[in-house]
Amino acid sequence: MKALKFGGTSMATVDSIAKVKQIILADKERRFVVVSAPGKAAGEIKVTDALIAVCAADGASRIKAFAPIKTRFMRLCDGLGLGEGLLDPDFAEIERVLPQAEHDYIVSRGEYLCAKLLSAYIGFAFVDAADMIKFRDGVYDDGYTETLCRLALEKRPNAVVPGFYGSNADGRVVAFSRGGSDISGAIVARAVNASIYENFTDVDGFMTCDPRIVPHATVIDVLTYKELRELAYMGANVLHPDSIFPVRKANIPINIKNTFNPDLDGTKIVPTDKFLSGEYARAKKSPIAAIAGRKGFCALYIDKSMMNLEIGFMRKVLSCFERLGIPVEHIPSGIDSFTVVFSGDWQDHANELLNSIRSEVKPDHMHIANDVALIAIVGHGMKSRPGTAARAISRLSNANINLRMIDQGASEMNIILGVSDEDYDRALVALNGEFEI
């Protein structure tokens with residue numbers, strides 16, 4: 001039995017939805033389907049973005065703002081031979097509550113309507129995610145959700161479920177973060193004990209590097225859950241990083257596939273222990289699975305002589321971040337110095353942060369750089385291949401790229417390199433050339 005999820009591009013047009021139907025019906029094991037809201041198409045914006053604009057309108061004017069979305073769904077229904085009036089009862093209910101509706105309810109209606117449409121088109125039952133994916137005071141309730149999903153789906157031969165949202169105990173809709181339909185698909189896959197979770201999108205799979213910067217990047221055939229988490233964090237955003245947690249508990253592999261090129265194998269994301277035991281293997285024998293990165297970080301450099309003898313020094317510094325609500329990304333350290341890397345989204349708090357730290361620990365010197373890019377070299381094979389970090393540093397040096405920091409995870413599965421934002425693209429190209437992944 002397979003669980004599937006189709007992204008917004010897959011659900012954007014009459015032709016793409018016809019492809020979705022063909023994919024589903026081509027394999028009788030494909031029985032449970034989760035969908036996103038329709039994405040961008042010619043002359044159309046993403047439905048979720050349009051719904052966010054509806055939220056910004058006031059009262060009755062929301063109905064006017066909702067009209068183009070309603071028209072788009074009516075055209076999809078008509079183009080698929082379902083008739084323009086298929087969703088009329090749903091439109092009527094949405095418009096009834098729209099003037100007073102909360103944000104999460106409004107932005108979730110794209111998935112809701114899309115699932116209603118697809119269920120009618122392929123002849124599968126519709127099951128509302130609000131009835132089985134539960135939150136408690138806005139926080140996802142995994143245990144309760146798992147039980148409700150099993151009860152709702154275990155006796156059904158098939159179903160279409162809207163992604164992206166669930167509900168609180170009082171029935172109010174609660175949405176995941178953007179891209180949360182990936183999480184919904186994983187929840188459903190676990191609930192039905194799927195043999196695999198097929199996640200269909202508009203790319204062939206995870207790439208060894210960003211193909212916009214490294215044109216010869218290739219599709220990775222196999223990744224582990226842990227490698228995926230590292231790459232997703234560093235900007236390889238084919239899949240929502242939190243979507244692995246439900247399926248990881250049940251050891252269900254994920255297969256990233258392309259709706260528009262469905263015969264390709266795509267990328268299979270597998271349990272880490274099964275990969276390390278040899279049950280799965282990559283076609284390429286490079287110790288590196290992929291290289292990914294992100295720009296726009298800040299780095300606080302702090303120095304103080306004999307810092308290592310001051311008990312609680314680092315804790316005091318980090319407490320300043322905590323008081324300001326600034327998440328910390330990495331902390332490479334030395335004997336008398338260390339660096340705290342944090343998101344550039346918080347750079348407006350730099351002066352307040354510096355003043356707080358001066359008051360707490362009286363450092364000899366500190367400053368913040370706000371043009372730092374981080375690059376992650378990821379792969380389980382590095383543990384058994386000495387010299388990976390040395391090769392990376394040498395390659396950057398030969399390319400005249402200044403290395404601003406280096407941090408290796410305790411698992412020896414990733415190496416994080418810091419360079420300036422302006423050197424980011426050149427660094428990706430140089431590293432990819434060194435490791436030939």
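Remember, it's a predicted structure, so these values are computed and weren't measured experimentally.

**Student:** Requested: an account of the environment of S36, with residues and values cited.
**Tutor:** Position of S36 relative to the elements: it lies in the loop between β2 (30-35) and α2 (47-56). Sequence separation between S36 and P162 is 126 residues, and the spatial gap between their C-alpha atoms is 6.7 Å. Beyond its immediate chain neighbours, meaning those up to four positions away, S36 contacts K5, F6, G7, G8, M11, E111, C114 and S181.

**Student:** Now, about helix α1 (residues 14-25): what can you tell me, with residues and values included?
**Tutor:** Its 12 residues place the ends of α1 17 Å apart at the C-alpha level, agreeing with the 16 Å of an ideal helix rising 1.5 Å per residue. Where α1 is buried, its residues touch β1 (2-6), β2, α3 (61-79), α6 (109-122) and β8 (196-201).

**Student:** Can you lay out the pairing of strand β15 (residues 365-378) for me, pointing to particular residues and giving the numbers?
**Tutor:** Sheet topology places strand β12 (residues 290-303) next to β15; 11 bridges connect them, and they run antiparallel. By the bridge assignment for β15, A292 is matched with A376. Note: β15 against strand β17 (residues 414-420), 7 bridges, orientation antiparallel. Bridge pairing in β17 places I377 opposite I415.

**Student:** Account for the packing of α3 against α6, naming residues and giving values.
**Tutor:** Packing of α3 against α6 brings their axes to within 11 Å, and their N-to-C directions diverge by 15 degrees. In terms of orientation, α3 lies roughly parallel with respect to α6. Crossing hand, α3 versus α6: right-handed. From α3, F66, F73, L76 and C77 reach across to α6, where they touch G110, L113, C114 and L117. For the contact of α3 with α6, a count of residues per class yields 7 nonpolar, 1 polar and no charged.

**Student:** Quick rundown of unusual backbone geometry? Include the residues and the values.
**Tutor:** Negative phi is the rule for most residues except glycine; trans is the rule for most peptide bonds. Non-glycine residue D137 carries a positive phi angle of around 55 degrees. Examined against the element boundaries, D137 turns out to sit in the loop between β3 (135-136) and β4 (139-140). The class for D137 is exposed, based on a relative accessible area of 74%. Unusually for a residue other than glycine, N251 sits at a positive phi of about 55 degrees.

**Student:** So, the nonpolar core: which residues are in play, and what are the values?
**Tutor:** Note that soluble globular proteins tend to have their nonpolar side chains buried in a common cluster. Within the largest apolar cluster, 100 residues are counted, with the highest numbers of intra-cluster contacts made by F73 and L118. Broken down by element, this core gets its largest block of residues, 8 residues, from α6. For F73, the residues in contact, after removing those within four places along its chain, are P38, V47, L87, F91, G110, L113, C114 and L117. Core analysis: the second largest hydrophobic core is formed by 22 residues, V214, A392, I415 and L428 among them.

**Student:** How would you sum up the pattern of salt bridges? Please name residues and give values.
**Tutor:** Counted by the stated rule, this structure contains 24 salt bridges. A salt bridge links K5 to D182, with the nearest nitrogen and oxygen atoms 3.0 Å apart. Of this pair, K5 sits in strand β1 while D182 sits in helix α8 (residues 181-191), placing them 177 residues apart in sequence. A relative accessible area of 7% means that K5 is categorised as buried. By relative accessible area, D182 is classed as buried at 5%. Taking the shortest distance from any N to any O, the salt bridge between R136 and D141 comes out at 3.2 Å. We classify R136 as exposed; its relative accessible area is 58%. Through salt bridges with shared partners, one network takes in D142, E146, R150, R190 and K249.

**Student:** So what's going on with the sheet that holds strand β13 (residues 328-330)? Residues and values would help.
**Tutor:** The sheet built from 6 strands is open, its strands ordered β13-β14-β12-β15-β17-β16 with antiparallel pairing. Either end of the sheet is taken by a strand with one partner, and the two such strands are β13 and β16 (405-408). Pairs of neighbouring strands in the sheet enclose a mean axial angle of 40 degrees, with direction left out of account. Bridge analysis of β13 against strand β14 (residues 337-343) gives 2 bridges, and the strand direction is antiparallel. Note that in β14 the partner of V328 across the bridge is F342. Sitting on the sheet, helix α12 (residues 313-324) is in contact with β12, β13 and β14, with an inclination near 20 degrees to β14. Set on the sheet, helix α13 (residues 350-361) makes contact with β12, β14 and β15; between it and β15 the angle comes to about 110 degrees.

**Student:** Talk me through the sheet that holds strand β11 (residues 267-270); I want residue IDs and the actual numbers.
**Tutor:** Overall, mixed pairing links the 7 strands, which are arranged β5-β2-β1-β8-β10-β11-β9 in an open sheet. The sheet is open, and its two edges are formed by β5 (159-162) and β9 (222-224), each paired on a single side. Strand-to-strand twist in this sheet, taken as the mean axis angle between neighbours without regard to direction, amounts to 20 degrees. Pairing of β1 with β2, which is carried by 5 bridges, proceeds in the parallel orientation.

**Student:** For the packing of helix α4 (residues 88-97) against α6, give the residues involved together with the corresponding values.
**Tutor:** Two elements in contact, α4 and α6, have axes whose closest approach is 11 Å; the angle formed by their N-to-C orientations is 165 degrees. Here α4 lies roughly antiparallel to α6, going by the angle between them. Considering the relative orientation of α4 and α6, their crossing is right-handed. For the pair α4 and α6, the contacting residues are D90, F91 and I94 in the first and R109, Y112, L113 and K116 in the second. Along the lines of polarity and charge, the residues of the contact of α4 with α6 split into 4 nonpolar, no polar and 3 charged.

**Student:** Residues and numbers for α13, please.
**Tutor:** Over its 12 residues, α13 runs 16 Å from end to end, which matches the ideal 16 Å to within 8%, given 1.5 Å per residue. Residues of α13 that are buried: A350, L353, L354, S356, I357 and V361. Around the axis of α13, the buried residues are gathered within 165 degrees of arc, so they sit on the same side. Projecting away from the buried face of α13 at angles above 90 degrees are the exposed residues N351 and S359. Buried-residue contacts for α13 involve β12, α12, β14 and β15.

Calculation rules
- The residue numbering used here restarts from 1 in each chain and proceeds along that chain's sequence as written.
- Where local features are concerned, this predicted model is filtered to residues with pLDDT of at least 70; where side-chain atom pairs are given and counted, the filter is 80 or more; whole-chain, interface and lining totals use all residues.
- Based on all heavy atoms of the structure, the side-chain values leave hydrogens and waters out of the count.
- Secondary structure is summarised from DSSP: a helix means a run of H or I of at least four residues, a strand means a run of E of at least two, and numbering begins at the N terminus for each.
- Two residues qualify as a contact provided that any one of their heavy atoms is within 4.5 Å of a heavy atom in the partner residue.
- Each helix should span, by expectation, one fewer than its residue count multiplied by 1.5 Å.
- For two strands to be treated as a pair, DSSP must find no fewer than two bridges joining them.
- Note on geometry: axes are lines fitted to C-alpha atoms, helical ones only across the stretch in contact, with angles between N-to-C directions running from 0 to 180 degrees.
- To sort the angles, those under 35 degrees are grouped as roughly parallel, those over 145 as roughly antiparallel, those from 65 to 115 as roughly perpendicular, and the leftovers as oblique.
- Crossing handedness is defined as follows: a turn of the near helix away from the far one that is anticlockwise and smaller than a right angle gives a left-handed crossing, while the clockwise case is right-handed.
- Residues are grouped as follows: nonpolar covers Ala, Val, Leu, Ile, Met, Phe, Trp, Tyr, Cys and Pro; charged covers Asp, Glu, Lys and Arg; every other residue, Gly included, is treated as polar.
- Only protein chains enter the area calculation, which uses a 1.4 Å probe; residues under 20% of their type maximum are buried, those over 50% are exposed, and those in between are partly exposed.
- In these notes, a set of buried Ala, Val, Leu, Ile, Met, Phe, Trp, Tyr and Cys residues joined through side-chain atoms within 4.5 Å is what counts as a nonpolar core.
- Any Lys or Arg side-chain nitrogen found within 4 Å of a carboxyl oxygen on Asp or Glu counts as a salt bridge.
- By definition, the arc is the one covered by directions from the helix axis to the C-beta atoms.

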